[in-house]
Amino acid sequence: QVQLVESGGGLVQAGGSLRLSCAASGGIFSIYGMGWFRQAPGKEREFVAHILRSGTYKYADSVKGRFTISRDNAKNTVYLQMNSLKPEDTAVYYCAAAMTTISEYDYWGQGTQVTVSS
């Protein structure tokens, strides 16, 4: 069982930055990859970025060049550095852990709200 706790959300003006954190505990050594997703009001949840155990990463086109996913293995934490934020980035951000394949996430955090004002 893996537990995920996100933090770092908040209110920021357009053009600003935030860094989200996702602390993992439990069966962390079996985690294949970690991902960030977001869900805006009235919209479906969408992929933002992921990072695999190998270090390979991937971003959604909408955040490329603005967001950076990274990890600190010593702290069992994955980060999402978000720069040049836009109002359309407003959403609840969730981190998730995939145990066997990056196409299927097994554990989810509770989410953290990010609000970008114009």
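Residues numbered from 1 in each chain as written. Predicted model: local features only at pLDDT ≥ 70, side-chain atom pairs only at ≥ 80, totals over all residues. Heavy atoms only, no water.

Undergrad: Help me understand the overall build of the chain, please; the structure alone is not making it clear to me.
TA: Along the backbone of the chain there are zero helices and 11 strands. In the chain, the order of α-helices and β-strands from amino to carboxyl end is β-β-β-β-β-β-β-β-β-β-β. Whereas a compact globule of 118 residues would reach a radius of gyration of roughly 13 Å, the chain reaches 13 Å, a difference of no more than 12%. The dimensions of the chain, computed from C-alpha atoms along their principal axes, are 40 × 25 × 25 Å. Here the chain holds 118 residues, and the buried ones make up 42% of them. Contacts spanning at least 24 positions in sequence make up 53% of the contacts within the chain whose residues lie at least 6 apart. Entry remark: accessible area of the chain is about 6200 Å², with carbon and sulfur atoms responsible for 48%. (Helix = DSSP H or I, 4+ residues; strand = E, 2+ residues; numbered from the N terminus. Rg over C-alpha atoms; globule rule 2.2 N^0.38 Å. Buried < 20%, exposed > 50% of the residue type's maximum accessible area, 1.4 Å probe, protein only. Contact = heavy atoms within 4.5 Å. Areas by Shrake-Rupley, 256 points an atom, 1.4 Å probe, with all protein chains shown as cover.)

Undergrad: Where do I start with the nonpolar core in this structure?
TA: Side chains of nonpolar character tend, in soluble globular proteins, to be buried together. Membership of the largest hydrophobic core comes to 30 residues, with the highest contact counts inside it found for Trp 36, Leu 80, Met 82 and Tyr 93. Sorting the residues of this core by element identifies β1 (2–7), β3 (18–26), β4 (33–39), β5 (46–52), β7 (67–72), β8 (77–82), β9 (91–98) and β11 (112–117) as the ones contributing at least two each. (Core = buried A, V, L, I, M, F, W, Y, C linked by side-chain atoms within 4.5 Å.)

Undergrad: What is the right way to look at the sheet that holds β8 in this model?
TA: Strand-to-strand pairing in sheets goes through backbone hydrogen bonds, with the strands running parallel or antiparallel. Taken in spatial order, the four strands make up an open sheet running β1-β3-β8-β7, and their pairing is antiparallel. Of all the strands in the sheet, just β1 and β7 have a single pairing partner and so form its edges. Taken over all neighbouring pairs, the strand axes of this sheet differ in orientation by 15° on average, direction set aside. As defined by bridge partners, β3 adjoins β8 across six bridges and the pair is classed as antiparallel. (Pairing = 2+ DSSP bridges. Axes fitted to C-alpha atoms, helices over the stretch in contact; angles between N-to-C directions.)

Undergrad: Would you mind showing me how to read the packing of aromatic side chains here?
TA: For any two aromatic rings, the description comes down to two numbers: the centre-to-centre distance and the angle of the planes. Scanning the entire structure with this criterion turns up five aromatic pairs. Each ring, one from Phe 37 and one from Tyr 105, has its centre 4.9 Å from the other, and the planes form 85°; the classification is edge-to-face. You can see Phe 37 sitting in strand β4 and its partner Tyr 105 sitting in the loop between β9 and β10 (107–108), a full 68 residues away along the chain. For Phe 37, a relative accessible area of 11% translates into the label buried. (Phe/Tyr/Trp six-rings, centres within 6.5 Å; stacked < 30°, edge-to-face > 60°.)

Undergrad: Help me understand the pairing of β3, please; the structure alone is not making it clear to me.
TA: Successive side chains on a regular strand alternate, one facing one side of the sheet and the next facing the other. By the bridge criterion, six bridges tie β1 to β3 in an arrangement that is antiparallel. In the strand pairing of β3, Val 5 is matched with Ala 23.

Undergrad: Can you help me understand the layout of surface pockets in this one?
TA: To locate leftover empty space, one rolls a probe as large as a water molecule over the atoms. Computed from the structure, the largest pocket encloses a volume of approximately 350 Å³. Lining the largest pocket are 16 residues, and of these Ile 28, Ile 31, Arg 71, Asn 73 and Asn 76 lie nearest its centre. Sorting the residues of the lining of the largest pocket by element identifies β4, β5, β7 and β8 as the ones contributing at least two each. Along the lines of polarity and charge, the residues of the lining of the largest pocket split into nine nonpolar, four polar and three charged. (1 Å grid on protein atoms, 1.4 Å probe; cavity = no way out; pocket = protein on both sides within 12 Å on 5 of 7 lines; lining within 4 Å. Points joined across faces, edges and corners; volume = space filled by probe spheres on them. Nonpolar A, V, L, I, M, F, W, Y, C, P; charged D, E, K, R; others polar.)

Undergrad: Would you explain the pattern of salt bridges in this entry?
TA: Oppositely charged side chains are able to pair whenever their charged atoms sit close together. In this structure the tally under the stated criterion is four salt bridges. With a shortest N-O distance of 3.1 Å, Asp 61 and Lys 64 are connected by a salt bridge. Residue classification places Asp 61 among the exposed positions, given a relative accessible area of 65%. (Salt bridge = Lys/Arg side-chain N within 4 Å of Asp/Glu carboxyl O.)

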